[in-house]
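# Topology and contacts: notes
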Amino acid sequence: MVSQHAGQAETTDADSSALALKILVAGGFGVGKTTLVGAVSEIRPLRTEELLSEAGLLVDDTGGVDRKVTTTVAMDFGRITIRSGLSLYLFGTPGQDRFWFLWDELSQGALGAVVLADTRRLADCFPAVDYFEHRHIPFVVAVNCFTGARRHEEREVLRALDLDAGTPVVLCDARDRASGKEVLIRLVEYAGRMHTARLLDSVR
Amino acid sequence: MTEESTADGRERPGSEWYDNEAGPLVRPYAMTGGRTRPAPAGVPFDLIALVTRVPGAPGADTTVLGPEHRTLIELCRTETQSVAELAADADLPVGVVRVLLGDLVELGRVSVSRPVPPAQLPDERILREVIDGLRAL
């Protein structure tokens, strides 16, 4: 069926049954975001041409390059097809801090986020934790157990990151498909619980 | 205009258009006639907005459509695609794809769905389906 409002990008009856869900994979530089997305989905690089925000302008040395208004940001994304008409999209957030402004668009309507952490550099994931906490986006912390890294208890990480009680912390191996799947499952379960809790709050 | 050189100190022709990480600055938008915003005023298409070819719309003719427009139509011929997938498969920046999709929507060639609003997360049944689907991967 052709919608009369095709010019306004309205949902038509034909595609309203198709559903796409978005999950973000965040964390510090080199923590294994690309590896995780690649382990569970067919990964593809995505280029965006972004207008430099004011925040970006402060960091980017644009002196003498007055006409430079856009910058290229590369991200990873992957698709997991659950069934025809239901897909999960994973987006690896750009690691550099100066691309924070991109996160706002990425997190719009996201089902939830995975914050990948490396216990050797735990502080690297603080900004991501802050970001999702402030926006009330459900997230799980997945501790990527690099070989050679000391094994930490989930509880220790929970405490070190000062996470809200109930925030799932999962030990994982970002290279391993089964492990990556488990992380995503924990996130979807948690997002469902958070959503139900919020619905209950709203009718109280 | 600039005295900047590349990271390794080499001067390249046109290097004033690059910094260490940024790619080309203006060129991608040449395919959109310099436009950086989609034609229909409103919110830009989300990365996971789904693009469906409008059934019965005229084929990929050459009169109005540029090669990039035709590539996009071709890519969503068999299956509904997200904006992100179209950008990756057409090897075009997302911003450019948004502008081109705006054209195609105006011309009635494709329809673009809005993703589920954040406040209306899918119901439990869908989430259960996702979890089962992930387990079965």
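The sections below set out a description of the structure shown in this document. Quick caveat, the model's predicted, so the values are computed rather than measured.

The subject of this paragraph is the overall build of chain A. Broken down by element type, chain A carries six helices and seven strands. Along chain A, helices and strands appear, N-terminal first, in the series β-α-β-α-β-β-α-β-α-β-α-β-α. Within chain A, the proportion of its 204 residues that are buried is 40%. Put simply, of all contacts in chain A between residues at least 6 apart along the chain, 70% involve residues at least 24 apart.

Secondary structure summary: chain B contains four helices and three strands in total. Going through the 137 residues of chain B one by one, you find that 36% of them count as buried. Expressed as a percentage of contacts within chain B between residues at least 6 apart in sequence, the contacts between residues at least 24 apart total 65%.

On to unusual backbone geometry, then. Outside of glycine, negative phi angles account for most residues, and trans bonds account for most peptide bonds. Here Asp162(A), not a glycine, exhibits a phi torsion of approximately 55 degrees, which is positive. Take Asp162(A): it is sitting in the loop between helix 5 (154-160) and strand 7 (169-172). Residue Asp162(A) is classed as exposed on the basis of its 9 C-beta neighbours within 10 Å. For Asp91(B), which is not glycine, the phi dihedral falls at a positive 55 degrees.

The subject of this paragraph is the sheet that holds strand 1 (residues 50-53) of chain B. Backbone-to-backbone hydrogen bonds join strands into a sheet, with any given pair of strands oriented parallel or antiparallel. Residues and elements named next belong to chain B. The three strands lie next to each other as 2-1-3, forming an open sheet whose pairing is antiparallel. Only two strands of the sheet have a single partner each, and these edge strands are strand 2 (81-82) and strand 3 (110-112). Pairing between strand 1 and strand 2: two bridges, direction antiparallel. When the sheet's bridge partners are listed, Leu50 is paired in strand 2 with Ser82. Contacts from helix 3 (residues 94-106) reach strand 1 and strand 3, with the element oriented near 115 degrees to strand 3.

Conventions adopted
Residues numbered from 1 in each chain as written. Chains lettered and ligands numbered in written order. Predicted model: local features only at pLDDT ≥ 70, side-chain atom pairs only at ≥ 80, totals over all residues. Helix = DSSP H or I, 4+ residues; strand = E, 2+ residues; numbered from the N terminus. Buried ≥ 20, exposed ≤ 12 C-beta atoms within 10 Å, placed from the backbone. Contact = placed C-beta atoms within 7 Å. Pairing = 2+ DSSP bridges. Axes fitted to C-alpha atoms, helices over the stretch in contact; angles between N-to-C directions.

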